[in-house]
Amino acid sequence: MDVKLSERLAQLPPYLFADLRRKIAAARAAGVDVITLGIGDPDYPTPDPVIEELCRAVDDQGDPNRHRYGCDAAAPEFPAAVRSFYKRRWGVQLGDDQVVCTMGSKDAIAKMGMAIMDPGDVGIIPEPGYPTYNISHVFAGATSYRVGLRPEKDWLFDFDEVPAEVADKARILWLNYPNNPTCATASLEFFEKAAAFGRAHNILIAHDSAYSENTYDGYKAPSILQVPGADEVAVEFFSLSKAFNMTGWRAGCVVGNASAVRALSLVKDNIDNGTLRAVQLAAAKALDRAEEIIPPICEVYKRRRDLVVDTLNANGWSIEKPKSTIYIWAPVPDGYEGKSGDYAADLLEKAGVVVTPGRGYGETGEGFFRISLTYPDNVLKEALDRMIGVCK
Ligand SMILES: *Cc1c(COP(=O)(O)O)cnc(C)c1O
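In this text the structure is predicted, and so the values were computed from the model without any measurement.

K.L.:
Would you mind going over the sheet that holds strand S11 (residues 356-357) with me for this structure?
P.N.:
For sheets, the rule is that strands pair by backbone hydrogen bonds, running either parallel or antiparallel. Taken together, the three strands give an open sheet; going across it, the order is S9-S12-S11, and neighbouring strands pair in antiparallel fashion. Both outer strands of the open sheet, strand S9 (327-331) and S11, are each paired with one neighbouring strand and no more. With two bridges joining them, S11 and strand S12 (residues 368-372) adopt antiparallel strand pairing. Bridge pairing links Thr356 to Arg370 in S12.

Rendered as structure tokens:
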């Protein structure tokens, strides 16, 4: 039998990267030597101290709980490491009830809707943006109100674009700076505005901070929780995935507003049973050693960022070097009328190179495409050579 998809699942837009994966597979099957620059999944391995701690913990004969459900064998080291990291990194003091460790941010984002939204509720999402914010709403039976980010506003969310009736009804507003896919960064003043907006309209501000540690040229990304009193209205989703080359480990945390942290914890208690104790201990180790582990990771992306931007700029583009993220967000070259899907299709067909069309992240992403820097330098070089051949 063919099961019928639930209405909630059926109503989701096709998963952006699933579509991309299918196209790549088809091209490869047709004999094309495909280079993909599409997906943001670090190629460098997880740093040694983290791997060593995982191995030690998973093999620790003196720990009778090391195989058990992560929620029952919770390692207090992990939330303690989160608190210490937030204190060292941002001067933010988190209470015991203000931290929940998660199985990465995507999982936590998806569960957040279920925690605080009911059918008929509205959440506000930025576009272009990470697709999971909308998915979180849809799985809760709620809907999304989209606000377009635009280059002329430096891709910063404009709170004045939210109509009063939406602002008064909305339960949650998602922000993400440093931003995927646009590479935009936000100042602490921006987060002050965000917190004020949340307070004025009784909306939970959910800040996705997945790239706060992937920064270059001395830039340090702020936390929304640095805004005094922000924890009355805001939570921050921090992830070890991009900061520590730990995407597969599924480790992150949600911090800030205690009632939102509690609500999310309740959903988690009912669904996931937590992550392996050894992973929790290794994640704690990563955070404890952040100051030593992160700079060499950033060096790699900075080198690749310079390679990609310098090459594109020598060939007709004029892109500013992003201060953060592991992406380059660039305008579609002349001749495609700004149609990012057409450009991406052409690149795959004529050059065997996969980039992500901006349209896939929402209407206002149209006209741009995204390159991920999570590929070796020689692969990036080869791909750029081929790309430049196509648009001339
Ligand atoms: C990668 C990413 C995440 C999620 O990462 P996890 O591996 O699930 O922690 C969240 N938000 C954005 C914007 C991302 O790009």
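K.L.:
Explain the pairing of strand S6 (residues 204-208) to me, please; I cannot follow it from the model alone.
P.N.:
For a regular strand, side chains alternate in direction, first toward one face of the sheet and then toward the other. Extensive coverage of S6 is indicated by the burial of five of its five residues. Of the two faces of S6, the one carrying Leu204, Ala206 and Asp208 and the one carrying Ile205 and His207 are both buried. Bridge analysis of strand S5 (residues 172-175) against S6 gives four bridges, and the strand direction is parallel. Within S6, the residue paired with Trp174 across the bridge is Ala206.

K.L.:
Help me understand the site of the ligand in this model?
P.N.:
Near the ligand, the surroundings consist of 13 residues, among which Asp208, Tyr211, Ser239, Ser241 and Lys242 are the closest. Contact between the ligand and Tyr211: an oxygen atom at 2.5 Å from a side-chain N or O atom of the residue. Within the side chain of Lys242, a nitrogen or oxygen atom sits 3.3 Å from an oxygen atom of the ligand. In isolation the ligand exposes 390 Å². Once the protein is present, 94% of that is buried. For the shell around the ligand, the residue count by class is three nonpolar, six polar and four charged.

K.L.:
How should the domain arrangement of the protein be read in this particular structure?
P.N.:
It is common to give the size of an interface as the accessible area that goes away when the parts come together. As far as domains go, the protein holds domain 1 (7-45 + 292-391) and domain 2 (48-290). Computed from C-alpha atoms alone, the centre-to-centre distance between domain 1 and domain 2 is 25 Å. Between domain 1 and domain 2, the buried area comes to about 3400 Å², and carbon and sulfur atoms account for 62% of it. Contact with domain 2 buries surface across domain 1, with Ile294, Lys323 and Thr364 losing the most and accounting together for 18% of the total.

K.L.:
Help me understand the packing of aromatic side chains, please; the structure alone is not making it clear to me.
P.N.:
The way to describe two aromatic rings as a pair is by their centre distance and the angle between their planes. Inspection of the entire model under this criterion finds 22 aromatic pairs. Seen in terms of ring centroids, Phe85 and Trp90 are 5.7 Å apart; in terms of plane orientation they differ by 85 degrees. Their pairing is edge-to-face. The exposure class assigned to Phe85 is buried, which follows from its relative accessible area of 3%. What makes Trp90 buried here is its relative accessible area of 7%. Where Trp317 meets Phe369, the ring centres are 6.2 Å apart and the plane angle is 70 degrees; that geometry is what we call edge-to-face. Of the two residues, Trp317 sits in the loop between helix H11 (290-313) and S9 while Phe369 sits in strand S12, which places them 52 residues apart along the sequence. Its relative accessible area of 7% is what places Trp317 among the buried residues. Looking at Phe369, the relative accessible area reads 0%, which means it is buried. By the ring-pair criterion, three or more aromatic residues cluster together here, those being Phe157, Phe159, Tyr177, Phe190, Phe191 and Phe197. One cation-aromatic arrangement involves Lys323 over Tyr219; the distance from NZ or CZ to the ring centre is 5.2 Å.

K.L.:
What is the right way to look at the packing of helix H5 (residues 105-116) against helix H6 (residues 132-139) in this model?
P.N.:
A pair of packed helices can be characterised by two numbers: the angle between their axes and the separation between those axes. Two elements in contact, H5 and H6, have axes whose closest approach is 7 Å; the angle formed by their N-to-C orientations is 35 degrees. Pair H5 / H6 crosses with right-handed handedness. Contacts from Lys106, Ile109, Ala110, Lys111, Met112, Gly113 and Met114 of H5 reach H6 at Thr132, Tyr133, Ser136 and Phe139.

K.L.:
Would you take a moment to explain the pattern of salt bridges for this structure?
P.N.:
Where charged atoms from two side chains of opposite charge come close, those side chains can pair. Enumeration according to the criterion identifies 27 salt bridges in this entry. Across the pair Asp272 and Lys111 runs a salt bridge whose closest N-O atoms are separated by 2.6 Å. In this pair, Asp272 is assigned in the loop between helix H9 (258-271) and helix H10 (277-288) and Lys111 in helix H5, connecting sequence segments 161 residues apart. For the pair formed by Asp272 and Lys111, the shared burial category is buried. Between Glu337 and Lys339 there is a salt bridge, with its nearest N and O atoms 3.7 Å apart. One salt-bridge network, in which partners are shared between bridges, spans Asp217, Lys302, Arg305, Asp306, Asp310 and Lys321.

K.L.:
Explain the side chain of Thr215 here, please?
P.N.:
Examined against the element boundaries, Thr215 turns out to sit in the loop between S6 and strand S7 (234-239). A relative accessible area of 13% places Thr215 in the buried class. At 2.8 Å, the side chain of Thr215 and the backbone oxygen of Tyr219 are in polar contact. Ignoring anything within four residues of it in the chain, the contact list for Thr215 reads Ala221, Cys298, Lys323 and Ser324.

K.L.:
So what exactly am I meant to see when it comes to the sheet that holds strand S4 (residues 143-148) here?
P.N.:
The seven strands lie next to each other as S2-S8-S7-S6-S5-S3-S4, forming an open sheet whose pairing is mixed. Sheet topology places strand S2 (99-102) and S4 at the edges, where each strand pairs with a single neighbour. Ignoring which end each strand starts from, the neighbouring axes of this sheet average 20 degrees apart. In this structure, S7 lies alongside strand S8 (residues 252-256), joined through five bridges in antiparallel fashion. Note on S8: the bridge partner recorded for Phe238 is Cys253. Its contacts with the sheet place helix H4 (residues 77-90) against S2, S7 and S8, and it is angled at close to 115 degrees to S2.

About the thresholds
Residues numbered from 1 in each chain as written. Predicted model: local features only at pLDDT ≥ 70, side-chain atom pairs only at ≥ 80, totals over all residues. Heavy atoms only, no water. Pairing = 2+ DSSP bridges. Helix = DSSP H or I, 4+ residues; strand = E, 2+ residues; numbered from the N terminus. Buried < 20%, exposed > 50% of the residue type's maximum accessible area, 1.4 Å probe, protein only. Near = heavy atom within 4 Å. Polar contact = N/O pair within 3.5 Å; in protein donor to acceptor, adjacent residues only side chain to side chain. Areas by Shrake-Rupley, 256 points an atom, 1.4 Å probe, with all protein chains shown as cover. Nonpolar A, V, L, I, M, F, W, Y, C, P; charged D, E, K, R; others polar. Domains from an automatic or database assignment. Buried area = accessible area lost by both parts, 1.4 Å probe. Phe/Tyr/Trp six-rings, centres within 6.5 Å; stacked < 30°, edge-to-face > 60°. Lys NZ or Arg CZ within 6 Å of the ring centre and 35° of its normal. Axes fitted to C-alpha atoms, helices over the stretch in contact; angles between N-to-C directions. Left-handed = near helix turned anticlockwise from the far one by under 90°. Contact = heavy atoms within 4.5 Å. Salt bridge = Lys/Arg side-chain N within 4 Å of Asp/Glu carboxyl O.

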